[in-house]
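# Working through the structure, step by step
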Amino acid sequence: MLAFEMERPRSLASAAELLEKYGSRAMVKAGGTDVLVWMRKHAVHPEVLVDLSEIPELRGISFYPHRGIKIGALATVNETAENEDVKRYYPALRDACLSHSDILIRNKATVLGNICASVPSGDLIPAFAVYEAVLHVFGPGGERDIPFSDFITGPRKNSLIPGEIVTAATLPLPGDRSVGCYLKLARRNALDLAQVGVACLAVEGEEGRTYRIACGAVAPKPVRASEAEKILQGAAAPGDDLLEKAGKAAAEASNPITDVRASREYRLSMVEELTKRAVALCAERLQGGRAS
Amino acid sequence: MKRDVHFILNGRPVTFSVEPRTTLLRALREYGVTSVKRGCEEGECGTCTVVIDDLAQKSCMILALEAEGKSVLTVEGLVGPKGELHPIQQAFVDEGAIQCGFCTPGMIMSAYAFLRKTPDPTEEDIRVALAGNLCRCTGYIPIFRAVQKAAAVMRELGHIPGRAR
Amino acid sequence: MKQTVTKNGVGAWTERKYDVEKAAGTLAFTDDLRFGPELLHARAVRSTVAHGEILSIDFSEALKVKGVVKVVTGKDFVHRFGLYLMDRTPMAIGKVRYMGEPVALVIAESEEAAEEGMLKVTAKYRELPPIFDPVKAATDNSVLVHPELETYDHVDFITPFPGTNIGNWFRIRRGDVDKAFSEAEYIVEEAVNCPQIAHGFLEPHCCICREEPATGDLTIWSTAQSAFALRDIVAKGLKYPLSKIRVIAPPIGGGFGGKAGMTVEALCLAGAMNPDVRGRPVKLHIPREEVLLTSWVRQAYVAKIKLGIDKDGKIIAIRNTFYFDTGISAEYGANPVRSAGYSSTGCYYIPNVWTDSYAVYTNKPFGGAYRGFGLPELMGAMEVVIDIAARKIGMDPIEFRLKNILKPGLPTCTGMPMNNHALDTIVGKVVDRIKLNEKEPATRKGWVRGKGFALALKAPAMPADAASSAIVKILGDGTVELLAATMDMGQGAYTAYSQMVSEELGIPIEKIRCPYPDTQSHPYDWQTVASRSCWSMGMAVKRAASDARQKLLALYAEYWQVEPESITIEHGIVKCRKKGKAEPIDEHIQSGFPMPDGNYKGGPVIGTGSFVPPDVIYPDAETGQSPKSVVHFTVGAVGIDVEVDPATGAVEVNKVSAGYDVGKAISPMNVRGQIQGGTVQGISAGLMEGMYYDEHGRLLTPDFTDYKIATAMDVPPDLDAFWEETPEELSPYGNRGVGEHSMISPAPAMDNALFDALGIRIHSYPLGRERVYKAMQAKKKGETDLWEYPYAQEQSYKNAIKEWK
């Protein structure tokens with residue numbers, strides 16, 4: 001790795017100051033499991049690394065009944081997966097966490113780091129999409145919230161302006177009852193980037209039964225398969241026909257590339273397949289009373 | 001610009017003088033703790049696994065300065081004062097779970113952190129826990145046996161999760 | 001009467017040597033060695049084009065980096081190296097031949113400074129058209145990778161063809177294949193392909209070299225499987241006497257052939273021997289993502305096999321054409337080509353044989369030794385074609401194999417009679433254990449299940465004069481030092497040798513030490529490859545230990561005034577029951593015994609032993625025939641039970657059964673370890689491994705991010721590893737090699753299992769999820785075969801996928 005200076009601020013305010021001072025010469029780090037690899041491969045060379053891991057207000061996961069869960073920027077993937085409220089109320093998030101890399105990396109990598117890296121195959125991204133997360137941002141202009149649907153703008157690109165830090169994310173409780181899952185396809189069973197990832201929620205709410213479906217690794221931005229969701233609206237026990245239609249709609253909404261990990265055609269077929277499975281699984285779980 | 005980092009290494013307080021870019025892996029090796037290996041230095045192989053405050057982590061993904069105030073454990077720290085091997089180390093030897101030995105320290109540290117949290121694991125639990133540690137020689141099968149054996153020994157000896165050794 | 005008694009002799013389950021140090025983390029690998037602040041660090045600058053003339057290399061900016069001491073380029077170190085064919089230079093000279101080829105070496109006070117310097121070197125190239133497709137490269141001479149091929153020295157048994165891209169051409173011509181084909185009832189002609197794959201050892205290459213400035217003597221510490229072969233190759237390349245070079249080989253973290261011969265050492269020497277550097281040791285540690293760009297890969301292959309079968313199901317003719325893609329160097333890659341060639345009737349007796357096995361140059365990283373050495377490639381095709389043939393003629397695949405099997409005494413494709421073996425028994429057990437003939441439903445809902453089988457065989461692939469030697473020293477306290485230059489890279493060689501020494505000397509195994517190789521202290525051994533060590537070095541070790549024993553017995557006999565035959569050595573105690581004597585071996589063994597005549601006799605007892613295969617004759621260059629082309633064959637079989645998810649192409653292995661006839665298991669724990677480990681490696685390769693390039697020749701899978709190997713979650717839940725023991729005549733204890741064999745046939749067994757499950761034949765490895773899915777889609781369209789040629793070199797990978805439609 002090329003040389004850099006590292007600052008370990010102890011407050012958000014000093015972190016923001018540092019980012020403003022150094023501008024584009026600085027990069028931010030939480031777990032560092034992406035940044036360190038990028039630096040080692042010479043893909044990025046920040047002069048200054050601003051390490052957030054000493055800032056107390058960025059730690060922790062708090063659950064607010066009837067409102068939702070707030071995940072701090074420093075919450076690791078494993079901490080999040082093991083959190084009781086996540087297990088109970090956010091199963092798709094938990095699935096996504098457990099599919100991320102391996103148990104060792106998960107002890108260091110952060111959920112919000114995965115989101116901010118904004119890599120199309122990021123496993124936490126579809127889950128944040130279906131839970132309609134809100135990102136809390138602190139920056140030179142003060143604080144602001146970004147709805148997740150506005151956050152990722154392209155591969156490795158998001159709507160943060162220079163100097164801004166995501167401090168936490170709130171995932172509102174979906175409806176009265178919900179179940180969810182995240183299904184991931186990769187080249188082998190462990191520690192691999194997703195070729196395709198589909199997160200799905202089945203929600204019992206005011207409008208009755210609704211589904212939320214998001215697909216990752218199949219487009220420059222996360223895909224919210226709204227056509228598929230429309231097709232499934234209200235269906236308590238979607239039959240094969242409906243699942244088929246929903247799957248195809250999800251594929252229609254996707255625009256994957258061909259790379260060394262998978263071809264476009266395979267990804268399209270698998271988005272269809274994983275969508276069908278995810279929806280069926282959620283419907284089953286909600287029927288079976290395994291809900292929050 | 002070098003800076004000092006203070007932490008506990010295998011039970012002893014140490015101070016390293018490191019550059020910010022120095023990973024914990026390289027800092028440990030520089031200091032002489034060479035059980036921690038350079039297999040890939042990009043988080044894919046697990047040969048650099050150490051245990052930091054009870055969590056198994058890949059030291060190539062950690063900057064040395066981040067170890068400030070923490071407790072770091074490597075296999076050198078599992079060997080007893082009279083040279084006795086920890087039950088996990090002994091189980092690896094007994095079960096033929098070692099061939100070239102390069103993945104062994106990392107694998108043992110992963111197993112150590114895992115068994116302290118999950119003292120009575122299923123084979124499936126073990127596979128998931130070790131999925132971040134590659135081995136090319138053994139085919140993993142004797143490693144699973146060794147972890148089961150170590151778990152049994154540790155349960156018998158009363159190794160309680162959270163306690164030292 | 002056996003005169004020695006021990007608990008841990010040959011055949012015992014015993015604790016392995018060095019396992020305690022490995023578990024304690026204190027065993028020092030090459031990267032763990034410590035030198036002082038005088039140590040320099042090297043990093044290679046690499047070509048950014050696949051084929052081109054070097055116009056300029058500008059390292060002026062690199063020299064300005066603090067800590068950079070020197071930058072050397074190819075022109076500063078003009079030496080050619082090679083084990084069998086000297087076609088390799090450590091850095092490109094004048095021309096680059098693959099993307100990633102070293103063009104310069106930056107030497108600095110620290111690794112970080114070397115890295116920074118490396119990034120500041122710029123090279124300019126005039127690009128030349130590259131060739132990536134081995135089949136095209138073999139037949140089309142418009143792009144030549146080595147136009148100067150005729151100027152390279154080579155051994156007699158390798159035949160390169162200047163003016164072409166053929167680095168070696170091994171031939172078998174026996175009988176009359178054309179006539180046999182014309183008389184055959186059935187003709188089966190099929191092809192199989194496989195991309196390059198990587199060894200995947202966990203320890204990257206690492207090497208430290210130092211030139212003594214006053215004498216020019218070289219010391220090399222390196223992750224080498226074969227200290228002496230390395231020394232030989234370096235000596236020949238530099239035109240140095242052997243005694244001027246010392247090689248020290250610390251324990252290595254996995255080899256699998258990838259650290260055989262000479263790998264990165266010449267590149268390191270280019271730095272260490274530079275006049276501005278020498279005297280200081282230079283360390284070259286290869287980062288993971290550069291491993292495949294600096295040293296061996298397993299050659300890719302396209303194999304075409306044509307069988308002629310008579311009406312009774314006997315194979316009467318075979319025509320083999322193998323194209324091995326050896327990248328830019330055939331210096332080692334020439335030999336797997338031979339190894340496949342002289343085994344090219346596989347486990348079968350076929351009277352008429354025509355084989356052409358080619359090592360083809362392309363503009364890619366280069367092939368070398370890989371566990372199996374030509375046999376995974378051969379069997380990857382052969383065992384699939386055999387399966388296809390059986391089904392074509394309507395015979396059960398096992399029955400078909402047994403009908404044609406190479407029974408002991410029948411000639412192999414080189415005309416050599418096959419040695420004794422228990423292949424029939426192994427086949428029976430494997431078939432039984434995976435219930436091959438029972439159609440069982442899938443255990444996973446919606447999945448389909450299939451079972452497949454493949455035979456395996458291999459002989460040690462080595463020159464006829466591959467020699468071994470060993471020295472046994474009995475120390476003054478009854479402990480023993482064994483100097484045997486085999487590299488124990490985890491296979492357990494030192495444990496096995498210690499068992500042999502224990503067997504021959506009656507000394508407990510805990511008292512026997514086996515230090516790692518150092519050419520300065522150890523006697524010569526050719527290489528630790530070819531599954532030859534327990535056999536060849538075993539002979540030397542046994543002879544050396546026996547020699548020491550004879551000397552010891554003779555001394556005690558005179559000391560006690562008894563017949564040597566009445567003396568035994570039991571658990572380290574020398575006894576003569578007749579005379580009521582029982583004494584531990586003590587300092588007399590070192591300093592001499594006070595004999596009855598009052599004089600001291602003896603002096604340190606040293607046993608020596610040497611061995612070279614006595615009767616191997618190189619196959620004839622035209623016909624490939626020889627009465628004894630190899631020392632012996634180890635045979636075996638693999639059966640695999642798999643399930644496939646039709647919706648995604650995911651393949652899960654339910655059970656594997658793998659058995660080999662090892663002759664005698666010297667060290668059962670290690671035999672089991674080799675069979676288990678190699679089987680998993682074979683499954684991993686078959687299911688998920690392959691090296692891929694973009695249209696410019698850039699390797700897309702240089703490291704573990706995209707070159708995936710099996711993790712703990714990919715291991716079959718049920719792996720049955722077993723062996724049979726049909727003793728080998730010429731052998732220390734009846735043993736034959738087994739280190740490589742388990743890697744050979746899991747892949748074709750899986751291909752056969754997938755055919756059983758899916759009803760479509762896949763002709764391309766690896767059998768990854770996407771490919772299996774594609775195959776199933778193709779089957780739905782009525783296809784019977786899926787062939788994906790991985791060398792979409794002239795098109796981009798994107799375009800290649802359009803073949804789907």
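Owing to the predicted nature of the structure, the values given are computational and were not obtained by experimental measurement. (Residues numbered from 1 in each chain as written. Chains lettered and ligands numbered in written order. Predicted model: local features only at pLDDT ≥ 70, side-chain atom pairs only at ≥ 80, totals over all residues.)

### Quick look at the overall build of chain A
- Of the regular secondary structure elements, chain A holds eleven helices and 14 strands.
- A globule of 292 residues ought to have a C-alpha radius of gyration of about 19 Å, and chain A, at 19 Å, matches this closely.
- Along the three orthogonal principal directions, the C-alpha set of chain A runs to about 60 × 45 × 35 Å.
- Burial statistics for chain A: of 292 residues in total, 56% are counted as buried. (Helix = DSSP H or I, 4+ residues; strand = E, 2+ residues; numbered from the N terminus. Rg over C-alpha atoms; globule rule 2.2 N^0.38 Å. Buried ≥ 20, exposed ≤ 12 C-beta atoms within 10 Å, placed from the backbone.)

### Topic: the overall build of chain C
- Of regular secondary structure, chain C possesses 19 helices and 31 strands.
- Taking 805 residues into account, the globule formula puts the C-alpha radius of gyration at 28 Å, and chain C, at 27 Å, falls close to it.
- Taken over 805 residues, chain C has a buried fraction of 63%.
- Long-range pairs, those at least 24 residues apart, make up 80% of the contacts in chain C with a sequence separation of at least 6. (Contact = placed C-beta atoms within 7 Å.)

### Focus on the sheet that holds strand β14 (residues 223-224) of chain A
Residues and elements named next belong to chain A.
- The four strands are arranged β11-β12-β13-β14 in an open sheet whose pairing can be described as antiparallel. Each having just a single partner strand, β11 (177-185) and β14 make up the two edges of the open sheet.
- As judged from the nine bridges shared by β11 and strand β12 (residues 196-205), these two strands associate in the antiparallel manner. Residue pairing for β12: K184 is matched across the bridge by G197.
- Sitting on the sheet, helix α5 (residues 91-99) touches β11 and β12, and the angle it makes with β11 is about 20°.
- Contacts between helix α11 (residues 264-287) and the sheet are confined to β11, β12 and β13 (208-216), with β12 contributing the most and set at about 30° to the helix. (Pairing = 2+ DSSP bridges. Axes fitted to C-alpha atoms, helices over the stretch in contact; angles between N-to-C directions.)

### Re the interface of chain C and chain A
- The interface is formed by 21 residues belonging to chain C together with 17 residues belonging to chain A.
- Sorting the residues of the side of chain C that touches chain A by element identifies α3 (111-119), α18 (769-780) and α19 (797-801) of chain C as the ones contributing at least two each.
- In terms of residue class, the side of chain C that touches chain A is built from ten nonpolar, four polar and seven charged. (Nonpolar A, V, L, I, M, F, W, Y, C, P; charged D, E, K, R; others polar.)

### A short note on the nonpolar core
- If you look at the biggest cluster of nonpolar residues, it comprises 431 residues, and the most contacted ones within it are A:A92, A:C200, C:A104, C:V106, C:L482, C:V541 and C:L754.
- Of all the elements, helix α14 (residues 533-560) of chain C adds the most residues to this core, at 14 residues.
- Discounting chain neighbours no more than four positions away, the residues touching C:V106 are C:A42, C:R43, C:V45, C:A62, C:V68, C:V71, C:A114, C:G117, C:M118 and C:V121. (Core = buried A, V, L, I, M, F, W, Y, C linked by C-beta atoms within 7 Å.)

### Looking at the domain arrangement of chain A
- One can read the domain layout of chain A as domain 1 (5-51), domain 2 (56-172) and domain 3 (177-287).
- A separation of 35 Å is found between the C-alpha centroids of domain 1 of chain A and domain 3 of chain A. (Domains from an automatic or database assignment.)

### Here we look at the interface of chain C and chain B
- Contacts between chain C and chain B engage 41 residues on the former and 39 residues on the latter.
- Broken down by secondary-structure element, the contributors of at least two residues to the side of chain C that touches chain B are α1 (19-24) and α16 (668-688) of chain C.
- For the side of chain C that touches chain B, the element with the highest residue contribution is α16(C), accounting for seven residues.
- Classifying every residue of the side of chain C that touches chain B gives 20 nonpolar, 13 polar and eight charged.

### Brief notes about the sheet that holds strand β27 (residues 634-644) of chain C
Residue and element names in this part refer to chain C.
- Reading across from one edge, β17-β27-β28-β29 is the order of the four strands in this open sheet, with mixed pairing throughout. Either end of the sheet is taken by a strand with one partner, and the two such strands are β17 (448-458) and β29 (718-724). For this sheet, the mean angle separating the axes of adjacent strands, direction not counted, is 10°.
- Each of β28 (651-661) and β29 touches α16; the most contacted strand, β29, lies at about 130° to it.

### Structural notes on the domain arrangement of chain C
Residue and element names in this part refer to chain C.
- Looking at chain C, the domain boundaries give domain 1 (4-27 + 466-611), domain 2 (33-128 + 203-253 + 261-294) and domain 3 (300-462 + 617-804).
- For domain 1 and domain 3, the distance between their C-alpha centroids amounts to 39 Å.
- Taken residue by residue, the interface counts 21 residues in domain 1 and 24 residues in domain 3.
- Those elements giving two or more residues to the side of domain 1 that touches domain 3 turn out to be α13 (493-505) and α14.
- A class-by-class count of the residues in the side of domain 1 that touches domain 3 yields eleven nonpolar, seven polar and three charged.

### Topic: helix α11 (residues 397-404) of chain C
Residue and element names in this part refer to chain C.
- Listed as buried for α11 are P397, F400, R401 and N404. The buried residues of α11 occupy an angular sector of 95° when projected down its axis, which confines them to one face.
- On the buried face of α11, the contacting elements are β15 (315-325), α10 (375-393) and β17. (Arc of directions from axis to C-beta.)

### Observations regarding the packing of helix α2 (residues 87-94) of chain B against helix α3 (residues 104-117) of chain B
All names here are of chain B.
- The contact between α2 and α3 brings their axes to 10 Å, and the two run at 125°. By the criterion of interaxial angle, the relationship of α2 to α3 is oblique. α3 is crossed by α2, and the crossing has right-handed handedness. On the side of α2, the interface is formed by I88, Q89 and F92, while α3 contributes T104, I108, A111, Y112 and L115. (Parallel < 35°, antiparallel > 145°, perpendicular 65-115°, else oblique. Left-handed = near helix turned anticlockwise from the far one by under 90°.)

### What to know about unusual backbone geometry
- The omega angle of the peptide bond from C:Y765 to C:P766 is -10°, so this bond is cis rather than trans.
- Secondary-structure assignment places C:P766 in the loop between β30 (761-762) and α18.
- Its identity is not glycine, yet A:E132 carries a phi of approximately 50°, on the positive side.
- Look at A:E132 and you get partly exposed, because 18 C-beta atoms sit within 10 Å.
- The phi torsion at C:S531 lies on the positive side, around 55°, for a residue other than glycine.
- With respect to the helices and strands, the residue C:S531 is situated in the loop between β20 (512-513) and α14.

### Some words on the environment of C:F704
Residue and element names in this part refer to chain C.
- Note that F704 resides in the loop between α16 and β29.
- Exposure remark for F704: the 22 C-beta atoms within 10 Å place this residue in the buried category.
- The spatial distance from the C-alpha of F704 to the C-alpha of S745 is 24 Å, given a sequence separation of 41 residues.

### So, the confidence of the model for chain C
Residues and elements named next belong to chain C.
- On average, residues of chain C score 95 in pLDDT, and 98% of them reach the 70 mark or higher.
- Across residues 792-805 the pLDDT falls below 50, and counting only partners more than four positions away or on other chains, this stretch makes 19 contacts in the model.
- As a predicted assembly, this complex carries a pTM of 0.96 together with an ipTM value of 0.97. (pLDDT = per-residue confidence, 0-100.)

### A word on the environment of C:R449
Residue and element names in this part refer to chain C.
- Along the polypeptide, R449 turns up in strand β17.
- Of the residues examined, R449 has 19 C-beta atoms within 10 Å and is grouped as partly exposed.
- Sequence-distant contacts of R449, defined by excluding residues within four places in its chain, comprise E440, P441, A442, E643 and A757.

### Thoughts on the pairing of strand β13 (residues 282-285) of chain C
Residue and element names in this part refer to chain C.
- Of the two faces of β13, the one lined by V282 and L284 and the one lined by K283 and H285 are each fully buried.
- Looking at chain direction, strand β2 (residues 40-46) and β13 are connected through three bridges and run parallel. By the bridge assignment, L40 is partnered in β13 with V282.
- The sheet contact formed by strand β10 (residues 206-211) and β13 spans four bridges and is antiparallel.

### Details of the packing of α3(B) against helix α5 (residues 141-157) of chain B
All names here are of chain B.
- Contact geometry for α3 and α5: axes closest at 11 Å, N-to-C directions at 40°. By the angle between their directions, the pair α3 and α5 is classed as oblique. When you trace α3 past α5, the crossing you get is right-handed. Along its contact with α3, which presents M107, A111 and L115, the element α5 presents I143, V147, A150, A151 and M154.
- When grouped by side-chain class, the residues that make up the contact of α3 with α5 number eight nonpolar, no polar and no charged.

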